[in-house]
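# Structure assessment
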Amino acid sequence: DTGVSQNPRHKITKRGQNVTFRCDPISEHNRLYWYRQTLGQGPEFLTYFQNEAQLEKSRLLSDRFSAERPKGSFSTLEIQRTEQGDSAMYLCASSFLGGDGNTEAFFGQGTRLTVV
Amino acid sequence: QKEVEQDPGPLSVPEGAIVSLNCTYSNSAFQYFMWYRQYSRKGPELLMYTYSSGNKEDGRFTAQVDKSSKYISLFIRDSQPSDSATYLCASPNYGGSQGNLIFGKGTKLSVKP
C-alpha cells in the first residue's frame, strides 16, 4: 500500500454532465475525508466518513454532491449537473482513529476537475 | 475574517536562507496546529504538527505556536531549492473531527539556487 490513491487524476467535462471520482484510502485507515481546493486557496472540507458512516458534511456540499463509502473501504464523490464553479482539485485524505486518538491525515494526489 | 489567515506571498529567498512562514488564527479553541507542504499539482503532505504553545523541531524545520497572540510559525533553516512549494497551515475545526481541518490560503515559497 503506497498511500491514498485517487482516480482519475484529471477530468474534463461539459457543463451539465455528471462526474464521479474514486478514492482508495490507506488500507487500515477508518476515516476518509473529501476536500476541495481552488487556485490560490487552501483545501476546504467537504465531508468525512468513519468506516461506512458519513458523519459530517460541510455547507459547501450542495444537493448536487453526494459521497459514499459503501463497505468502509474506497469512497466515491459524485457531482451531478456540473457547473463551471465546480472546477477545482478534489482531494481525498485518510487517517486512523484508534484508542490512542487520531493519527495524521494523509492526502492523495487529487482529481483535477475542469468544467467547460 | 477567516479562522486561519496566511499571507499568500509569493516569497522568494536565496538558497541557504532562513525562511519564516506565519499564520494567525482567530478561534481560541484551536489546540492542534499543522504545517503541510504542497508541491505544484500534488496533494498536501504533513510536515509537522504541534499541540499547545512552544517550539517543535524536526531537522531543518521548526514549528512555533504562540497561543497568547494566536500566531503560528514555521522556520526553515538552510533552505534548499527542493523546499520550493506552497506551505499551508491548518488546525482542526472546533467541534468537528480532528480530520476536519481549517486551512490557510498557503504561502508560495521559491528558493533560488
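Structure: see above.
These remarks concern the structure in this document. (Residues numbered from 1 in each chain as written. Chains lettered and ligands numbered in written order. Predicted model: local features only at pLDDT ≥ 70, side-chain atom pairs only at ≥ 80, totals over all residues. Heavy atoms only, no water.)

## Concerning the environment of Glu104(A)
- Checked against the element boundaries, Glu104(A) lands in the loop between β11 (101-102) and β12 (106-107).
- According to the relative accessible area criterion, Glu104(A) is partly exposed, its value standing at 33%.
- Those residues in contact with Glu104(A) that sit more than four places away from it in its chain are Ser94(A), Ser95(A) and Leu46(B). (Helix = DSSP H or I, 4+ residues; strand = E, 2+ residues; numbered from the N terminus. Buried < 20%, exposed > 50% of the residue type's maximum accessible area, 1.4 Å probe, protein only. Contact = heavy atoms within 4.5 Å.)

## Examining the state of the cysteines
Residue and element names in this part refer to chain B.
- For the structure on display, the rule yields 2 disulfides over all chains.
- Across the disulfide, Cys-23 is cross-linked to Cys-89 (sulfur-sulfur distance 1.8 Å). Here the S-S torsion is close to -100°, and the disulfide linking Cys-23 with Cys-89 is therefore left-handed. Residue Cys-23 is located in strand β3 (residues 19-25), and its partner Cys-89 is located in strand β9 (residues 85-92); the two are separated by 66 residues in the primary sequence. Like Cys-23, the residue Cys-89 is buried in the burial classification. (Disulfide = S-S within 2.5 Å.)

## Quick notes on the nonpolar core
- Within the largest apolar cluster, 24 residues are counted, with the highest numbers of intra-cluster contacts made by Trp35(B), Ile72(B), Leu74(B) and Tyr87(B).
- The element contributing the most residues to this core is β3(B), with 4 residues.
- Of all hydrophobic cores here, the second largest spans 19 residues; its members include Cys23(A), Leu32(A), Phe49(A) and Val115(A). (Core = buried A, V, L, I, M, F, W, Y, C linked by side-chain atoms within 4.5 Å.)

## Quick notes on the interface of chain A and chain B
- Contact residues are listed per partner, giving 21 residues for chain A and 18 residues for chain B.
- Both faces combined, the contact of chain A with chain B buries some 1,600 Å², and carbon together with sulfur accounts for 48% of it.
- For the side of chain A that touches chain B, the secondary-structure elements that each account for two or more residues are β4 (31-37), β5 (44-50) and β9 (88-95) of chain A.
- Top contributing element to the side of chain A that touches chain B by residue count: β4(A), with 4 residues.
- Classifying every residue of the side of chain A that touches chain B gives 9 nonpolar, 7 polar and 5 charged. (Buried area = accessible area lost by both parts, 1.4 Å probe. Nonpolar A, V, L, I, M, F, W, Y, C, P; charged D, E, K, R; others polar.)

## What to know about the pattern of salt bridges
- In the structure shown here, the tally under the stated rule is 6 salt bridges over all chains.
- In this structure, Arg64(A) engages Glu83(A) in a salt bridge whose closest nitrogen and oxygen atoms are separated by 3.4 Å. Here Arg64(A) is found in the loop between β6 (53-57) and β7 (65-68), whereas its partner Glu83(A) is found in the loop between β8 (75-79) and β9, with 19 residues between them in sequence.
- Taking the relative accessible area as the measure of exposure, Arg64(A) reaches 12% and is therefore buried.
- A salt bridge links Arg77(B) to Glu57(B); the shortest N-O distance between them is 3.5 Å. Taken together, the residues span a long stretch of sequence, with Arg77(B) in the loop between β8 (71-76) and β9 and Glu57(B) in strand β6 (residues 54-58) at a distance of 20 residues.
- For Arg77(B), a relative accessible area of 29% gives the class partly exposed. (Salt bridge = Lys/Arg side-chain N within 4 Å of Asp/Glu carboxyl O.)

Purely geometric stuff here, so don't read any function into it on its own.
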